[in-house]
Every structure is written in C-alpha cells, then in structure tokens.
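# Notes for the structure review
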Amino acid sequence: VEHEGQAMIHFADISKSPRLQACLEYLRRRGSAGATTAELHDSNASMAPHTDVAELRRNGYRIECRYEGRTEAGRKVYRYRLHDYTEPKITLDRIG
C-alpha cells in the first residue's frame, strides 16, 4: 500500500507488544554479539524474527543485519545487532 509516495506497513507499538519487548530485551542482553534469526526464535518462540526486527525498526530502533553464511543444511544465517534508538522520521499506521 502506498501513502504519499511512501510504502505503508502496519506495525505494533512496542509499548503494547510483549512480543516486541521480548525481542528488544534479548537483543539488548546480547550486546555487540547480536543474535541470529534462530537465536531470536529460540529466545521468545517468535514465528517470524525478521518481522519482529522490522517492527522494532519502525518503532525507532536501529538494528543492523548481516549475512553470515550458511548452515551445514544450507540455510542462510543472519545476525542482528541493536545499535541506538532514533525517533522515527515518518508516521506510519500502528496496530496494537
């Protein structure tokens, strides 16, 4: 969906989302080591850690994502690292 030239996505407000709060807290605890998608899943049983990260970004958190290679089974491995909080520059619809 487009809104004034910007892609519009819906995302949860972190203040009302235990799922996002758990993801953020785990990334904070991991510090500079960050966490892989699998580690984020295991930490809070998230079914879609990449979506959780995208929603945290929409709430103003700067999270780096780096490709780290593949597992022995051939699955891609990505690592997420929390940096700092920045106030979102645009207003998007929130759910939750």
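Please refer to the structure placed before this passage.
Residues numbered from 1 in each chain as written. Predicted model: local features only at pLDDT ≥ 70, side-chain atom pairs only at ≥ 80, totals over all residues. Heavy atoms only, no water.

## Let's talk about the pattern of salt bridges
Stated precisely, the cut-off is as follows: For this document, the term salt bridge refers to a Lys or Arg side-chain nitrogen within 4 Å of an Asp or Glu carboxyl oxygen. A run of DSSP states H or I qualifies as a helix once it reaches four residues; a run of E qualifies as a strand once it reaches two. Both are numbered from the N-terminal end. For every residue, the accessible area obtained with a 1.4 Å probe (protein chains only) is divided by the maximum for its type, and the residue is called buried under 20%, exposed over 50%, and partly exposed between those limits.
Using the criterion set out here, one finds six salt bridges in the structure. For glutamate 55, the salt bridge goes to arginine 19, with nearest N and O atoms at 3.0 Å. Highlighted residues: glutamate 55 in helix H3 (residues 49-58) and arginine 19 in helix H1 (residues 18-30), separated in sequence by 36 residues. A relative accessible area of 36% means that arginine 19 is categorised as partly exposed. One salt bridge connects glutamate 39 with arginine 79, and the closest N-O pair in it is separated by 3.7 Å.

## Focus: H3
Convention followed: As used here, the arc is the angular range of directions from the helix axis to the C-beta atoms.
Among all positions in H3, only Pro49, Asp52, Val53, Glu55 and Leu56 are buried. Within H3, the buried residues cover an arc of 160° as seen down the axis, which keeps them to one side. Of the residues one or two after H3, glycine 60 is the one with positive phi, at around 105°.

## As for the environment of glutamate 68
The cut-off we apply is this: In what follows, residue pairs with any heavy atoms lying within 4.5 Å of each other are defined as contacts. Think of a polar contact as two N or O atoms within 3.5 Å of one another; within protein, one of them needs to be a possible hydrogen donor and the other a possible acceptor, and neighboring residues in sequence only count if both atoms come from side chains.
Mapped onto the fold, glutamate 68 is located in strand E5 (residues 61-70). Take glutamate 68: its relative accessible area is 42%, and that puts it in the partly exposed class. It is 6.8 Å that separates the C-alpha atoms of glutamate 68 and arginine 79, two residues lying 11 residues apart in sequence. With near-sequence residues (within four places) excluded, glutamate 68 lies in contact with Val77, Arg79 and Arg81. Side chain to side chain, glutamate 68 and arginine 79 meet in a polar contact 2.8 Å long.

## So, the packing of H1 against helix H2 (residues 37-44)
Here is the rule: The convention used is that axes are lines fitted to C-alpha atoms, helices contributing only their stretch in contact, and that angles between N-to-C directions extend from 0 to 180 degrees. By the definition adopted for this analysis, an angle is roughly parallel if under 35 degrees, roughly antiparallel if over 145, roughly perpendicular if from 65 to 115, and oblique otherwise. Each crossing gets its handedness from the near helix: less than a right angle anticlockwise from the far helix is left-handed, clockwise is right-handed.
Interaxial distance between H1 and H2 falls to 10 Å at its minimum, and their mutual angle equals 120°. Here H1 lies oblique to H2, going by the angle between them. Crossing handedness for the pair H1 and H2: right-handed. Listed contacts from H2 to Arg19, Ala22, Cys23, Tyr26, Leu27 and Arg30 of H1 are Glu39, Leu40, Ser43 and Asn44.

## Comments concerning the packing of H1 against H3
Here H1 crosses H3 at 90°, and the two axes come no closer than 10 Å. Looking at the two axes, H1 sits roughly perpendicular to H3. Here Arg19, Leu20, Cys23, Leu24 and Leu27 of H1 lie close against H3, whose contacting residues are Asp52, Glu55 and Leu56.

## Quick word on the environment of cysteine 23
Looking at where cysteine 23 falls in the secondary structure, it is placed in helix H1. Exposure remark for cysteine 23: the relative accessible area of 1% places this residue in the buried category. Not counting chain neighbours up to four residues away, the residues in contact with cysteine 23 comprise Leu40, Asn44, Asp52 and Leu56.

Note that all results are geometric; they support no functional claim without further evidence.
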